[in-house]
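Topology and contacts: notes
Spelled out from the first residue to the last, the chains are:
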Amino acid sequence: MVLAQGIWNARGFFKGCRAVGRRPGLAGHVGKARLPLHMLRYWITHHLLSGVISTQPSPRILEIGIDRGQLYFFAEGVDKEVKNWRWEGADLDPRTQSLRQDGYQQIHLLNFEDLEKVAQFVSHPEREGQFDAVVVLHFLEHLDQPEAVMNLIKRLLKPGGAIVGGMPGCPEFFRAMREQKIRKSAKPHGHKSVFSAERIDSMARQAGLEPRVTTGAFFARSRDFQLENHAWWFRFNVWFGRAFTRWPSELYFEARRPRS
């Protein structure tokens, strides 16, 4: 399965970036370039998410690790239908509670390193098997045991629902060495796990999910780089990411719960 053709739409990408940049305190996050490639994390995730829930009249989404709500504001800027989505968040930071005023219907405060608490959270009857999609965007790399967490949060999905996410990518032959190195100096809530396309596929299958999409994101990027004002450079990087998933940039994926 491949990403939708809309992934090439530079105008849509620009609209999403502009929507995030208009939020208080987030203009610096977007930067000055017209088509900033570090924002592809939200563009690709939005397309994966839309493909999962496009047939649902009022889809329920849980975004884990919401930061300042950039994904929601980006998606809303691209597609006004987002207002019909029941979007919830889960995060360790109590400051994320303020996002309930901006479109998130509920914010759950939870430390996903505490597997016992996570198990209690996902087994609640109002949550287990109740979500059309769970988003883990640049979240799993912050965990000591991402496979264990994936195995728990997959219980939140309805049949046919999907986990959509992304993280920094690394070639498989170098992954274990890289992970060992970063764990020696990892700060609290910093990066602890390293992912390759092969690890994402294995992690999904171990959780009983069907890997549907794995894609890279870009060839090269640099904040406020002059080329990031040009649509052709945006499209080239999207093409390159799809063609070369083992290039050390970022990886994005969709993995679905079987319907039966």
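The shown structure was predicted, so the numbers you read here are calculated from the model rather than taken from an experiment.

The rules we used
- Residues numbered from 1 in each chain as written.
- Predicted model: local features only at pLDDT ≥ 70, side-chain atom pairs only at ≥ 80, totals over all residues.
- Heavy atoms only, no water.
- Core = buried A, V, L, I, M, F, W, Y, C linked by side-chain atoms within 4.5 Å.
- Buried < 20%, exposed > 50% of the residue type's maximum accessible area, 1.4 Å probe, protein only.
- Helix = DSSP H or I, 4+ residues; strand = E, 2+ residues; numbered from the N terminus.
- Contact = heavy atoms within 4.5 Å.
- Phe/Tyr/Trp six-rings, centres within 6.5 Å; stacked < 30°, edge-to-face > 60°.
- Lys NZ or Arg CZ within 6 Å of the ring centre and 35° of its normal.
- Salt bridge = Lys/Arg side-chain N within 4 Å of Asp/Glu carboxyl O.
- Pairing = 2+ DSSP bridges.
- Right-handed = clockwise from strand over helix to strand, strands pointing away.
- Polar contact = N/O pair within 3.5 Å; in protein donor to acceptor, adjacent residues only side chain to side chain.

1. Points about the nonpolar core
As a rule of thumb, nonpolar side chains are buried together in soluble globular proteins. With 43 residues, the main nonpolar core has F13, M39, L40, L49, F74, W87 and F234 as its most contacted residues. Sorting the residues of this core by element identifies helix 1 (10-21), helix 3 (40-53), helix 4 (70-78), strand 4 (131-137), strand 5 (157-168) and helix 9 (231-243) as the ones contributing at least two each. Of all the elements, helix 3 adds the most residues to this core, at 8 residues. Apart from the residues lying within four places of it in its own chain, the contact partners of L49 are I61, W85, W87, A133, V135 and V164.

2. Looking at the packing of aromatic side chains
Scanning the entire structure with this criterion turns up 25 aromatic pairs. Ring geometry for Y72 against F73: centres 5.8 Å apart, planes inclined by 80 degrees, an arrangement best described as edge-to-face. Like Y72, the residue F73 is buried in the burial classification. Each ring, one from W233 and one from F236, has its centre 5.7 Å from the other, and the planes form 25 degrees; the classification is stacked. A residue pair is termed a helical-turn pair when its members lie 3 or 4 positions apart in one helix, as W233 and F236 do in helix 9 at 3 residues. For W233, a relative accessible area of 9% translates into the label buried. Classification of F236 by relative accessible area gives partly exposed; the value is 30%. Here a set of aromatic residues connected by ring pairs shows up, and it is made of F219, F225, W232, W233, F236, W239, F240, F244 and W247. For the cation-ring pair, R34 lies above F14, with the distance from its terminal atom to the ring centre recorded as 4.6 Å.

3. Quick notes on the pattern of salt bridges
For side chains bearing opposite charge, pairing can occur when the charged atoms are close. Applying the stated rule across the entire model yields 17 salt bridges. The residue D144 makes a salt bridge to R183 at a minimum N-O spacing of 3.9 Å. Linking D144 in the loop between strand 4 and helix 6 (146-153) with R183 in helix 7 (residues 172-185), this pair joins segments that are 39 residues apart in sequence. Note on D144: relative accessible area 37%, which makes it partly exposed. Connected through salt bridges with shared partners, the residues E113, D144, E147, E179, R183, K192 and R199 form a single ionic network.

4. So, the environment of E63
For E63, the location among the structural elements is in strand 1 (residues 60-64). The sequence separation of E63 and P146 amounts to 83 residues, and the corresponding C-alpha distance is 16 Å. When neighbours within four sequence positions are excluded, E63 is seen to be in contact with L71, W87, E88, G89, A90, Y104 and V135.

5. A look at the pairing of strand 1
Here strand 1 lies mainly inside the structure; 5 of its 5 residues are buried. Inspection of the sheet shows strand 1 paired to strand 2 (residues 86-91) by 5 bridges, in the parallel sense. Bridging across to strand 2, I64 finds its partner in A90. Remark: the strand 1/helix 4/strand 2 crossover connection has right-handed handedness. Note: strand 1 against strand 4, 3 bridges, orientation parallel. Bridged to E63 within strand 4 is V135.

6. Overview of the environment of R183
Of the residues examined, R183 reaches a relative accessible area of 34% and is grouped as partly exposed. Between the alpha carbons of R183 and S193 there is a distance of 7.7 Å; along the sequence they are 10 residues apart. Not counting chain neighbours up to four residues away, the residues in contact with R183 comprise L143, D144, K192 and S193. Separated by 2.9 Å, the side chain of R183 and the backbone oxygen of D144 make a polar contact. At 3.0 Å, the side chain of R183 and the side chain of S193 are in polar contact.

Just geometry here; none of it tells us what the structure is for.
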